[in-house]
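Close look at the chain arrangement
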Amino acid sequence: MQFPILSVLTIIPLLGALFIATLRGDEAIVAKNARWVALWTALITFALSLVLVFNFDAANAGFQFMERAVWFAPANIYYVRGVDGISIWFVAASALLTISAILCSWNSITTRVPMYHMALMILLTMMIGVFSSLDLILLFVFFEGVLLPMFFIIGIWGGSRRIYSSYKFFLYTMLGSLFMLLAMLTIYVQTGSTDLTALINHHHLPLNIQVWLFAAFFLSFAIKSPMWPVHTWLPDAHVEAPTAGSVILAGILLKMGGYGFMRFCIQLLPEASQLMAPLVMILSAVAIIYTSLVALAQQDMKKMIAYSSVAHMGFVTLGLFSFTHQGLDGAMLVMLSHTIVSAALFLCIGFMYDRLHTREITAYGGLANITPHFAVVMMFFTLASVGLPGTSGFVGEFLSMLGAWQTHPTITAFAAIGVILGAAYMLRLYRACCFGVPATQDVRRMKDMTPREWAIFAPLLLLVIWMGVYPTTFSSFYQANLQSILTPAHHGAVK
Amino acid sequence: MEIATVFLPLIAAAVAGFGRKIVGTRGAEIITTATLGLCAAMAIALFYQYAGLGQTAVIPVLSWINSGTLHLSWSLRFDVLTAVMVLVVTSVSAMVHLYSIGYMHEDPSRAKFMSYLSLFTFMMLMLVTANNFVQMFFGWEGVGLASYLLIGFYNHKPSANDAAMKAFIVNRVGDFGFVLGIFTVFWLFGDLQFNNVFGAAPTLGVNRIFYLFGAPFDAITLACVLLFIGAVGKSAQLGLHTWLPDAMEGPTPVSALIHAATMVTAGVFMLVRISPLLDLAPVARNIIVVVGALTAFVGAAIAFAQFDIKKVVAYSTMSQLGYMVFAAGATAYGAAIFHLFTHAFFKALLFLGAGAVIHAMHHEQDMRHYGGLWKKLPITYALMWIGTLALLGIPPFAGYFSKDMILEAEFAGVTGFTHFAFGVGVLVAFMTATYSSKVIFMTFHGRPRYDLEHAHDIHEAPLTMLIPLFVLAAGALLSGWLAYDYFVGEHHALFWEGAIQPKSELILDAAEHDPLWVKLAPTLAGLLGLALGWLCYVKEPDLPAWFARKFSFLNRIIENKFYFDKVYGVVFAAGAPLVGKLLWRYGDQGTIDKFGPDGAAAASSFLGARLSKLQTGYLYHYAFVMLTALVLLIGWLLFGKAGA
């Protein structure tokens, strides 16, 4: 048996959390140690995830690093772990963004520090679990498990309306989970298996059942992504969440929705997905235009980026349901890019918030001259969000629309309006922050990037350019998967 | 050498931008300017290789996008069209770099400025050397970015920020068309590499129907029109032209390089590049001709009402871009590039000359505060005359050759659209002469209207600024007759080989047989316009006011710039955020939240209060109850199933 790297990856953060729990002594020292323990744990996890990446065989469309153990024999439920080219990047991204989350909370989180880092560690375990579990029940447990630490992070370390927001977040996603669970149980009842690899490869569900399952999964992931019109939890959750919460929420949690669409709708229910594709694409286009316009009207920076996230996720579903190679590829790249860019933009807002404690768009101004390094960094991420070619944002958006145009041009034409609106709201934000004259004397006294902040932004900056100039590094991992998804003979041949 | 020519400006930009602390401001100026000088020298060698000897080459740099059947790479395509553009871009850019050292010498952040200029040059070179549509789009957006940064260079000024955003967003509207055009090309050919697409065009490009909005469209026509929308944005054609005059908020060297000589001509370059597609889309070509002709007219008309020296030149640029576009639309591709080529020199000269005047006048740009400057600025005055005569199309200056050729080709065209463009073109030649001479006469002639106390410190620009003016003046004098035979004359078919198919350009040969009056008309119109300008601004200074009173209706239209800005301002600039606010208040909060989560919450807490005394007041407790219930549900279902 090979080294169970995925299980180890999942357990390391948990051990880190346990270690933090055992820390005793003076409060300040415990807090300091908790930060360092969390940071090292996340770094080790990330390093190990890179080992995963380097040992991955990109030519192989199947799942790799498989682990299989009997979990509950009477019910035919197994502990199945494994990653393919689609999920592997999300495992690595989860670890990377957790590092950013810990670093950005270094000075800004001052209450219940050990507990906060335990929550982050557990969150990391759960996220890795979601993206590397191949048994429905196991996956569901992780999927739900993500909610709890995030709920605490928003509810305890959040802003003034944190109770309302965390509740709204929880209620919305629980509703989705409920339907997801029902769908999973139906699959189990229908096929007697909860093994995703077997389900994808060997079971073909009849179309009428597929459609019902699709509806349930769709609702669940539509809330998670989120898609219009079940997106309203997101802006509230972001506004109240601490910076680290927003980073993880936008960077990873939303991708669980996109990942879910890929696995459960496109892969598991291909016929129903094809049938419903026009509807999903119309919803995506509506989301793109609607939320871009709403983003244009926001005064709170976090709310604005939150709405822009909804728009970007619209490009994910647009590409996915085009059922073209470029569309699926684009959807993947939009997700990967948005992971980096949205996280970075929330970190940028965190940079400003840490200094002036306001997220009002009009409270800043002139940062290009006051904190020039920060202004350059933010410019890069702004451009990536706008989708400027050469940055990560472009390739995904371009391919997803290119794919969608081949099958549904009219819908795509509307979605493409989002490209114009995206430029409008992002440049409006950038202008308000970095150009013009400072709004107050406090702005003039703002200090530029610290080494810790450079350490947060530098890797993200590198990735944004890397993915823009040579996305093949990332996309080559899942080309074989996309090929097999789109080969019709793959489904239904084996009953 | 090809790779060095394209990428050295990027390196220079990075060094000047990020290494300012190390190399210093002066170092940044020297590094960027010297780099561009070197690039310009290499461009001459490349021009000889690719235009002179007629070679073509594609130099691979790096693989880029690999998705299914779509394979795109970063690569440099060199053919005669590219060689011409590279020559124009690097030479004008080198001159503008040099000029900027003098022009910006008081600005503390001029290292940043030089860095942006070099970045722009790199992006423009990537655009013209692209071998696929997507790299072209990379350069296309990249020059847009550089333009945005440079227009907003004085970022403490709200007007500069407004103009920068407007330029970026209006160009995005064009890009919207451009990307959809690229998608349609991919739909047609399954590829985006130029060679493959153009090679397949005659077979795969014809008789294909594409359904959009439920209606059938001829696919290649649709693709060309959509791509043209991109050109409308970038080349400031009617409808998306409103950003260009505002872009004059940027420092004057920027206006010369980006908003006259190079970036704004990218649309024309693109139309010529896709000539194998345009050849198959006559309807699209007619649209292009009409839009170009109307642009030429509207730009010239608005220029009459402007008193800001840079704004006049800007509207003149818009008008001249119209000429290039309708030339491309009439398949006179060589003539379009010829005019692009000569225009780059004389318009950069006019802008930099205007910059020298503005520099001397302490950043006063209103011509009503100039007057009689020829005694103070004799060199600038003479150079401005050269630029103006070239713009007017007076022989033997450069503009004469190119503008004449375009209009002859329009006349030789067989459709009513090209004849319309010919008529408009001659009229606009007349108008151009009048408003251009207005610049000369109001600035350099008449009595001084500036504050005479400052008269003693009005002096000629330093050498760093004058040298570029002389070089560009040489271009404005010579580029026309030197290039004529090759670009549009007897050797044109051979010259453009590998870039423009000879059979696409039969119209240039047909133009040989135009009647004599057609060949003379543009020049005569220019001379007449010049005479009218002299009459209005030297001989009878009250005449313009009399015209304005007499035709007050027309005057109001041109003073309001045909109301484009006003309408767009209300509909888009103010409308979109308003709609966003309404959707937010009444869509998100008023409908979705009200009947969704908040409604559910209200209902559940209402029920909760009735059903249970356990209510704690903390909403998240309910969520935990739900989670517990879920876990129980899973357990029950699993064990129930297992037991059964």
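Values in this document were obtained by computation on a predicted structure and should not be read as measured data.

Points about the overall build of chain A
- The helix and strand inventory of chain A stands at 21 helices and two strands.
- Each of the 495 residues in chain A was classed as buried or not, and the buried ones make up 69%.
- When contacts within chain A are restricted to residue pairs at least 6 apart in sequence, long-range pairs at least 24 apart make up 81% of them.
- For chain A, the accessible surface area stands at approximately 14600 Å², while carbon and sulfur atoms represent 68% of it.
- Mean positive and mean negative side-chain charge positions of chain A (23 and 19 charges, respectively) differ by 7 Å.

Observations regarding the overall build of chain B
- Scanning chain B for helices and strands turns up 27 helices and four strands.
- In summary, chain B has a C-alpha radius of gyration of 29 Å against a globular reference of 26 Å for 644 residues, a match within 12%.
- Per element, the accessible surface of chain B, about 23700 Å² overall, is 69% carbon and sulfur.
- Positive and negative side-chain charges in chain B, numbering 37 and 37 respectively, have mean positions lying 10 Å apart.

Some points on the confidence of the model for chain B
All names here are of chain B.
- Mean pLDDT over chain B works out to 86, with 93% of the residues at or above the 70 mark.
- Within chain B, no element has a lower average pLDDT than helix α27 (residues 619–643), which sits at 59, and none a higher one than helix α11 (residues 266–273), at 94.
- Under the prediction, the complex receives an ipTM of 0.91, its pTM being 0.91.

Quick word on the packing of aromatic side chains
- According to the stated counting rule, one finds 67 aromatic pairs over all chains in the structure shown.
- With a centroid separation of 6.5 Å and an interplanar angle of 50°, the aromatic rings of F435(A) and Y148(B) are classed as tilted. Taken together, the residues F435(A) in the loop between α17 (409–434) and α18 (441–444) and Y148(B) in helix α5 (residues 133–151) connect one chain to another.
- Judged by relative accessible area, F435(A) falls into the buried class, the value being 11%.
- According to the relative accessible area criterion, Y148(B) is buried, its value standing at 2%.

Brief notes about the confidence of the model for chain A
- Taken as a whole, chain A shows an average pLDDT of 88; of its residues, 98% reach a score of 70 or greater.
- Scored below 50 in pLDDT, residues 489–495 of chain A shows 12 contacts in the model against residues more than four places distant or in partner chains.

A short note on unusual backbone geometry
- That bond from S225(A) to P226(A) is cis: its omega, -10°, falls within 30 degrees of zero.
- Considering the arrangement of structural elements, one finds P226(A) in the loop between α8 (207–224) and α9 (233–240).
- Residues P395(B) and P396(B) are joined by a peptide bond in cis, for which omega reads 5°.
- Locating P396(B) in the fold gives a position in the loop between α16 (378–392) and α17 (398–412).
- Non-glycine residue F323(A) carries a positive phi angle of around 55°.
- You can see F323(A) is positioned in the loop between α12 (301–320) and α13 (325–356).

A short note on the interface of chain A and chain B
- Contacts between the two partners involve 81 residues from chain A, matched on the other side by 70 residues from chain B.
- When the buried surface of chain A facing chain B is broken down by residue, Y167(A), W405(A) and R431(A) rank first, second and third, together holding 10% of it.
- The tally of links between chain A and chain B comes to one salt bridge.
- The residue D162(B) makes a salt bridge to R431(A) at a minimum N-O spacing of 2.5 Å.
- Our enumeration of links across chain A and chain B arrives at 23 residue pairs in polar contact (both at pLDDT 80 or more).
- Looking at the side of chain A that touches chain B element by element, the count peaks at 14 residues for α17(A).
- Residues of the side of chain A that touches chain B, tallied by class, amount to 59 nonpolar, 15 polar and seven charged.

Some remarks on the pairing of strand β2 (residues 70–78) of chain B
Residues and elements named next belong to chain B.
- A large share of β2 lies buried, amounting to seven of its nine residues.
- Inspection of the sheet shows strand β1 (residues 57–67) paired to β2 by nine bridges, in the antiparallel sense. Directly across from S67, in β2, lies its bridge partner L70.
- Hairpin remark: β1 followed by β2, antiparallel, with two residues in the connecting loop; positive phi at G68, about 60°.

A word on the nonpolar core
- F321(A), Y148(B) and L277(B) are the most contacted members of the largest nonpolar core, which has 440 residues in total.
- With 20 residues, helix α15 (residues 333–360) of chain B is the single largest residue contributor to this core.
- Residues contacting L277(B), with those up to four places away along its chain left out, are F133(B), V185(B), F189(B), V197(B), F198(B), A201(B), I220(B) and C224(B).
- Counting residues in hydrophobic clusters, the runner-up holds five residues, among them C39(B), A40(B), M42(B) and A94(B).

Thoughts on the environment of F18(B)
- The topology assignment puts F18(B) in helix α1 (residues 2–18).
- Residues F18(B) and A28(B), spaced 10 residues apart in sequence, show a C-alpha to C-alpha distance of 10.0 Å.

Some points on the environment of F186(B)
- In this structure, F186(B) sits in helix α6 (residues 158–189).
- Judged by its relative accessible area of 6%, F186(B) is buried.
- The spatial distance from the C-alpha of F186(B) to the C-alpha of V197(B) is 8.6 Å, given a sequence separation of 11 residues.
- Sequence-distant contacts of F186(B), that is, excluding residues within four places in its chain, are made with Q326(A), L402(A), Q406(A), T69(B), L70(B), D191(B) and L192(B).

Digging into the layout of surface pockets
- As a volume, the largest pocket reaches approximately 1400 Å³.
- Lining the largest pocket are 46 residues, with V376(A), F380(A), F18(B), Y116(B) and L119(B) sitting closest to its centre.
- Those elements that place two or more of their residues in the lining of the largest pocket are α14 (367–370), α15 (372–386) and α19 (451–469) of chain A together with α1, α2 (20–52), β1, α4 (110–129) and α5 of chain B.
- In terms of residue count, α15(A) provides more of the lining of the largest pocket than any other element does, eight residues in total.

Quick notes on the side chain of R273(B)
All names here are of chain B.
- Along the polypeptide, R273 turns up in helix α11.
- On the accessibility criterion, R273 (1% relative accessible area) is buried.
- Within the structure, the side chain of R273 is placed 2.8 Å from the side chain of D79, a separation counted as a polar contact.
- Aside from chain neighbours lying at most four places away, what touches R273 is R77, D79, L81, T82, V128, M136, F194, F198 and A499.

A few points about the packing of helix α6 (residues 162–191) of chain A against α9(A)
Residue and element names in this part refer to chain A.
- Remark: α6 packs on α9, axes separated minimally by 8 Å, with the N-to-C direction vectors making an angle of 140°. It follows from the interaxial angle that α6 and α9 lie oblique. Read as a crossing pair, α6 and α9 show a hand that is left-handed. Between α6 and α9, the residues in contact are R162, Y164, S165, K168, F169 and Y172 and W233, D236, A237 and E240, respectively.
- Residues of the contact of α6 with α9, tallied by class, amount to five nonpolar, one polar and four charged.

Procedures and definitions
Residues numbered from 1 in each chain as written. Chains lettered and ligands numbered in written order. Predicted model: local features only at pLDDT ≥ 70, side-chain atom pairs only at ≥ 80, totals over all residues. Heavy atoms only, no water. Helix = DSSP H or I, 4+ residues; strand = E, 2+ residues; numbered from the N terminus. Buried < 20%, exposed > 50% of the residue type's maximum accessible area, 1.4 Å probe, protein only. Contact = heavy atoms within 4.5 Å. Areas by Shrake-Rupley, 256 points an atom, 1.4 Å probe, with all protein chains shown as cover. Lys, Arg positive; Asp, Glu negative; His and termini not counted. Charge placed at Lys NZ, Arg CZ, Asp CG, Glu CD. Rg over C-alpha atoms; globule rule 2.2 N^0.38 Å. pLDDT = per-residue confidence, 0-100. Phe/Tyr/Trp six-rings, centres within 6.5 Å; stacked < 30°, edge-to-face > 60°. Buried area = accessible area lost by both parts, 1.4 Å probe. Salt bridge = Lys/Arg side-chain N within 4 Å of Asp/Glu carboxyl O. Polar contact = N/O pair within 3.5 Å; in protein donor to acceptor, adjacent residues only side chain to side chain. Nonpolar A, V, L, I, M, F, W, Y, C, P; charged D, E, K, R; others polar. Pairing = 2+ DSSP bridges. Core = buried A, V, L, I, M, F, W, Y, C linked by side-chain atoms within 4.5 Å. 1 Å grid on protein atoms, 1.4 Å probe; cavity = no way out; pocket = protein on both sides within 12 Å on 5 of 7 lines; lining within 4 Å. Points joined across faces, edges and corners; volume = space filled by probe spheres on them. Axes fitted to C-alpha atoms, helices over the stretch in contact; angles between N-to-C directions. Parallel < 35°, antiparallel > 145°, perpendicular 65-115°, else oblique. Left-handed = near helix turned anticlockwise from the far one by under 90°.

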